[in-house]
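A closer look at the structure
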Amino acid sequence: MKKSYITSPIYYVNDVPHIGHAYTTIVCDMLKKYRQLQGEEVFLLTGTDEHGQKIEQSAKAHNQTPQAYADSISAKFRSLWEEFDIDFDLFIRTTDSAHAKSAQTAFESMYKKGDIYKGIYEGWYCISCESHFTKHQVTDQKCPDCGKPTTTIKEESYFFALSKYEKRLLEWYEQCPDVIIPKHKRNEVIRFVESGLVDLSITRTGFSWGVPLPEGIDSENTHKHILYVWLDALISYISGIGYKEALRLDLWQDATHIVGKDILRFHAVYWPAFLMSLELPLPRKIYAHGWWTRDGVKMSKSIGNVVNPQEVAQSYGIEAFRYFLLREVPFGQDGDFSQRALIERINSDLSNDIGNLLNRLIGMAQKYFDLTLSSADIQRFYPQEVAKIAPLLQKFQTAMNDMQPHIALEELWQLLRLGNSAISIYEPWNMMKQDKSESTQALLMLISNILLKVALCLYPIMPKTATSIASVLQCTIDSQNFEHYVVQNTFIESSTLKPIPPLFPRIESPLMSEPSPAQTSLSNTSKDSSPAPSTQTFQTIGIEDFQKLDLRVGVVLECQRVPKSEKLLQFLIDLGESKPRQILSGIAKYYNPDELVGKHVCVVANLKPVKLMGLLSEGMILSAQDDEGLALLSVAKKAGSKIS
Ligand code: MSP
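Since we're looking at a predicted model, the values are computed, not measured.

A word on the layout of surface pockets. Of the voids in this model, the second largest pocket is the one considered here, and its volume is about 360 Å³. Lining the second largest pocket we find 20 residues, and of these His-132, Thr-134, Gln-137, Val-198 and Asp-199 sit closest to its centre. Residue assignment for the lining of the second largest pocket shows that the elements contributing at least two residues are strand E4 (116–126), strand E5 (131–133), strand E8 (200–201) and helix H9 (264–277). Top element by residues in the lining of the second largest pocket is E4. It accounts for 4 residues. Looking at the lining of the second largest pocket residue by residue, the classes come out as 10 nonpolar, 7 polar and 3 charged.

Right, dumping it as structure tokens:
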């Protein structure tokens, strides 16, 4: 049996899980379940990254010891994954003593190889990313990756001879062009390595929350140094499968890492270099996914708009949330969460397309055939429909193998539409009136077959829904059935249906509260209809808070759609300054770009710039929204006029 290994990143325990963590882990679980359907034995590792300065500081801020703090947050991650049906085989914690020993063994081995030497690290450090930067990479003391302030450090450190591996890394990228996905991220990695690698500081001395240096490396200073948290964390991928004693090579030789784009450098540059030093095989695949925003805005604790996955799941259900995350965004690109988009998906894709088809099948099978269906004539009566099934299943499999679940789901939905439209076209109720019981049975068997195939394919994405649909047809989801009914596209010829309650009732209004009234009313990208002012609870602010806002009249000079975004418009706006500003606004559904040129709008001019879809937005355009839509606020005053 083919074996493979999948890892999620191990999550920092400085804070509770959010939608980004849920997304990565669900993608891993989806991949595991899909490979299992293909008959593979798959081992999935997830866990928590518990050492380092960031965790030490967070624990202190919560008045707890780092260990107690890590224990409580790590438990939250673990229980969330259990709740989310994540089928992990190991939940590793970097504070597990077995892991710490493995990390020390790895350090020792690289040291013995001559790849580690002692020196002084002098440079910039971002505690939030736990990442080192050189002078050239840092502007205004800000981290080039996350934008948070960096600190400068000068301390004794052990260095890993990363530069020694530059050539071998470039050769590896060249020889194995399909390892790092997506391609444009691979190109960024190559450019980074080509620009020259500097040796990496892999121990820290200024604090103590980490794995100590192995005994015997530096007898005087052993207790001063702790391992750099990224070295410690990356080693978990092998320590989790036996590294110190006997690495499970049967798994390791087919390893897939799933990571967010922000941590690709660690996985595609440092990690393979460490593995080269350890003389271990390199990963087969490194998939980097994009980032999630909320209502078009970057999520942050300070804004208070972080999506809590547990809250979404409790309000809308885990299955719908898993579907949304995997359907809404092409893997590798950034995605946006909004309740409106989630509700649209539930009502149209889940309630209408799947729920209705299953209900109609059960209803008609019950009414006309007492739930027992049988027909060997599906092909004879419905050759056109049957001919369309195999190519759709093929496209589904290709997209899943290419890690494009959103395309795979599109193909699957074509199959559901085929079933729904066959009912509309052939009108089984009229066929029954005309005593065409044979062709009606064949039609219902066609629908049963479509639903069985959909259930088998849908299992990696929505395991419970898929299992329920299959149970109606008294079938199980397993690799034999996947091979039989999906890969071979065999049809069942009879079935006694076991009814279940309707799936996915329609959602009429949002079930979760929005981040905060102040945030919602200011956010130019929020789409959810706000409650009428009389029922809204306003958070009061003092005049001094209002005075912090710099509101100005702006004149739109240029406006265009942002490619690949359904929501964003990109504006060039004259605010009476020396040069116009670029501002992005999530109002593409409400306005044509051309009609906005020349319009006088109201702008929050002193909002901290943010990047949306990779483009800088230096302000916010104000609008008002009610049930009928959205309108920009407009004032007939010249550009730059202050609004107060
Ligand atoms: N501890 C390191 C990983 C070590 S792996 C050997 C780490 N942890 S993290 O908790 O900060 O982030 C874990 C993952 O969450 C990363 O893949 C990151 O990309 C992802 N996300 C964090 N915020 C995100 C979004 N807003 N959207 C999507 N994913 C994001 O990094």
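More follows now that the structure is in view.
The subject of this paragraph is the nonpolar core. The biggest cluster of nonpolar side chains holds 184 residues, and the ones touching the most others in it are Trp-252, Phe-274, Phe-337 and Leu-458. By residue number, the principal contributor to this core is helix H17 (residues 437–458), which donates 14 residues. If we ignore the near neighbours within four places in the chain, the residues touching Phe-337 are Ile-19, Trp-292, Thr-293, Arg-294, Asp-295, Val-307, Val-312, Phe-321, Phe-324, Leu-342 and Met-512. Residues Val-556, Cys-559, Ile-583 and Val-603 belong to the second largest nonpolar core, which totals 17 residues.

This part covers the pattern of salt bridges. In this structure the tally under the stated criterion is 36 salt bridges. We note a salt bridge from Lys-464 to Asp-85, for which the minimum N-O separation is 2.9 Å. Linking Lys-464 in helix H18 (residues 463–472) with Asp-85 in the loop between helix H3 (66–83) and strand E3 (90–93), this pair joins segments that are 379 residues apart in sequence. Among the residues examined, Asp-85 registers a relative accessible area of 22% and is labelled partly exposed.

Attention now goes to the site of the ligand. Near the ligand you find 22 residues, and of these Ile-10, Asp-49, Gly-260, Asp-262 and Trp-292 are the closest. Between the ligand and the protein, one listed contact pairs an oxygen atom with a side-chain N or O atom of His-21 at 3.1 Å. When the ligand sits alone it has 660 Å² of accessible area, and the protein chains cover 94% of it. Within the residue set of the shell around the ligand, elements represented by two or more residues are strand E1 (3–12), helix H1 (19–37), helix H7 (229–239) and strand E11 (255–260). When grouped by side-chain class, the residues that make up the shell around the ligand number 13 nonpolar, 7 polar and 2 charged.

On the surface, Lys-142, Lys-148, Lys-298 and Lys-608 cluster together into a patch of positive charge. According to the relative accessible area criterion, Lys-608 is exposed, its value standing at 70%.

One open sheet holds the 4 strands; their spatial order is E5-E4-E6-E8, and the pairing between them is antiparallel. The sheet is open, and its two edges are formed by E5 and E8, each paired on a single side. Note: E4 against strand E6 (residues 151–160), 10 bridges, orientation antiparallel. Bridge assignment links Ile-120 to a residue of E6, and that residue is Glu-156.

Turning next to the confidence of the model for the protein chain. When pLDDT is averaged along the protein chain, the result is 92, and 95% of the positions lie at 70 or above. Low pLDDT, under 50, characterises residues 517–537; the predicted model gives this stretch 41 contacts beyond four residues in sequence or across chains.

The rules behind these values
- Residues numbered from 1 in each chain as written.
- Predicted model: local features only at pLDDT ≥ 70, side-chain atom pairs only at ≥ 80, totals over all residues.
- Heavy atoms only, no water.
- 1 Å grid on protein atoms, 1.4 Å probe; cavity = no way out; pocket = protein on both sides within 12 Å on 5 of 7 lines; lining within 4 Å.
- Points joined across faces, edges and corners; volume = space filled by probe spheres on them.
- Helix = DSSP H or I, 4+ residues; strand = E, 2+ residues; numbered from the N terminus.
- Nonpolar A, V, L, I, M, F, W, Y, C, P; charged D, E, K, R; others polar.
- Core = buried A, V, L, I, M, F, W, Y, C linked by side-chain atoms within 4.5 Å.
- Buried < 20%, exposed > 50% of the residue type's maximum accessible area, 1.4 Å probe, protein only.
- Contact = heavy atoms within 4.5 Å.
- Salt bridge = Lys/Arg side-chain N within 4 Å of Asp/Glu carboxyl O.
- Near = heavy atom within 4 Å.
- Polar contact = N/O pair within 3.5 Å; in protein donor to acceptor, adjacent residues only side chain to side chain.
- Areas by Shrake-Rupley, 256 points an atom, 1.4 Å probe, with all protein chains shown as cover.
- Patch = residues over 30% accessible without salt bridge, like charges linked within 9 Å, V, L, I, M, F, W, Y side chains within 5 Å.
- Lys, Arg positive; Asp, Glu negative; His and termini not counted.
- Charge placed at Lys NZ, Arg CZ, Asp CG, Glu CD.
- Pairing = 2+ DSSP bridges.
- pLDDT = per-residue confidence, 0-100.

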